[in-house]
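This is what each chain is made of:
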Amino acid sequence: IKHNNPRAKKINLDDNLITDEGAKILSQYCCDFNDIEEISIQFNDIGKLGAIELFRLKNNFPSLDILFRGNKIMDVGQMDEIEQFARRGAYR
């Protein structure tokens with residue numbers, strides 16, 4: 001992704017069997033994208049650790065929209081806690 005289009009605004013990686021490790025790598029590469037507005041990473045195999053890594057991107061890109069439906073986290077309350085932890089650093 002980084003080499004093909006460093007000015008990408010939207011990245012769609014739906015349905016790609018991405019795991020927590022893949023989400024971590026993706027979040028590291030996305031830090032270099034200044035124009036990123038949306039990451040669609042739906043219907044993969046991402047759990048709590050990968051979600052935290054992805055949602056940490058919002059610290060650098062507050063208006064970033066992360067489409068996350070269809071991964072391992074189904075509970076809305078847990079997802080809210082993960083997002084808060086990623087932004088503040090306090091997961092229960």
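For the structure, check the block above.
First, a word on what this report is: a plain description of the structure on this page. Chains are numbered independently. Their residues run from 1 in the order of the written sequence. Restriction of local features to residues with pLDDT of at least 70 applies here, the model being predicted, together with a cutoff of 80 or more for giving and counting side-chain atom pairs; totals for whole chains, interfaces and linings are based on all residues. Here the side-chain values reflect all heavy atoms present in the structure, with hydrogen atoms and water set aside.

Observations concerning the nonpolar core
Then step 1. The criterion is simple. A nonpolar core is a set of buried Ala, Val, Leu, Ile, Met, Phe, Trp, Tyr and Cys residues joined through side-chain atoms within 4.5 Å. To sort residues, take the accessible area from a 1.4 Å probe on protein chains only and compare it with the maximum for the residue type: under 20% means buried, over 50% means exposed, and anything in between is partly exposed. Among the nonpolar cores identified, the biggest contains 26 residues, and I36, I39, I41, L54, F55 and F68 are the most heavily contacted of them.
Then step 2. Put simply, the parts of the chain that give this core at least two residues each are α1 (20–30), α2 (48–55) and α3 (76–88).
Then step 3. Residue contacts are counted whenever heavy atoms from the two residues lie within 4.5 Å of one another. The residues contacting I39, other than those within four sequence positions of it, are I11, L26, C30, L57, L64, D65, I66 and L67. Only DSSP runs of H or I with at least four residues qualify as helices, and only runs of E with at least two residues qualify as strands; both kinds are numbered from the N terminus onward.

Here's the deal with the packing of α1 against α2
Then step 1. In this description, a line fitted to the C-alpha atoms serves as the axis of each element, helices being fitted only across the stretch in contact, and the angle between N-to-C directions of two axes falls anywhere from 0 to 180 degrees. Where α1 meets α2, the closest approach of the two axes is 8 Å, and the angle between their N-to-C directions is 10°. With respect to α2, the element α1 is oriented roughly parallel. Taking contact as the criterion, the partners of D20, A23, K24, L26 and S27 in α1 are, on α2, K48, L49, G50, E53 and L54.
Then step 2. For the contact of α1 with α2, the residue count by class is 4 nonpolar, 2 polar and 4 charged. Should an angle lie under 35 degrees it is considered roughly parallel, over 145 roughly antiparallel, and from 65 to 115 roughly perpendicular; all remaining angles are considered oblique. In this count, Pro and Cys sit with the nonpolar residues alongside Ala, Val, Leu, Ile, Met, Phe, Trp and Tyr, while Asp, Glu, Lys and Arg are called charged and the others, Gly among them, polar.

Overview of the environment of K24
Then step 1. Within the secondary structure, K24 is located in helix α1.
Then step 2. Assessed through its relative accessible area of 35%, K24 is described here as partly exposed.
Then step 3. The spatial distance from the C-alpha of K24 to the C-alpha of A51 is 8.5 Å, given a sequence separation of 27 residues.

Some words on α3
Then step 1. Any helix carries an expected span of 1.5 Å times its number of residues minus one. With 13 residues, α3 should reach 18 Å at 1.5 Å per residue; the first-to-last C-alpha distance of 18 Å fits that figure.
Then step 2. Every buried residue of α3 is listed here: M79, I82, F85 and A86. Looking straight down α3, one finds its buried side chains confined to an arc of 120°; they lie on one side. Opposite the buried face of α3, by more than 90 degrees, sit the exposed residues V76 and R88.
Then step 3. Among the structural elements, α2 are those in contact with the buried residues of α3.
Then step 4. Polar contacts here mean pairs of N or O atoms no more than 3.5 Å apart (in protein, one a potential hydrogen donor and the other a potential acceptor; neighbouring residues in sequence count only if both atoms are side-chain atoms). With a side-chain oxygen lying 3.0 Å from the backbone nitrogen of G77, the N-terminal cap of α3 falls on D75. Working note: the arc is built from the helix axis to C-beta atom directions.

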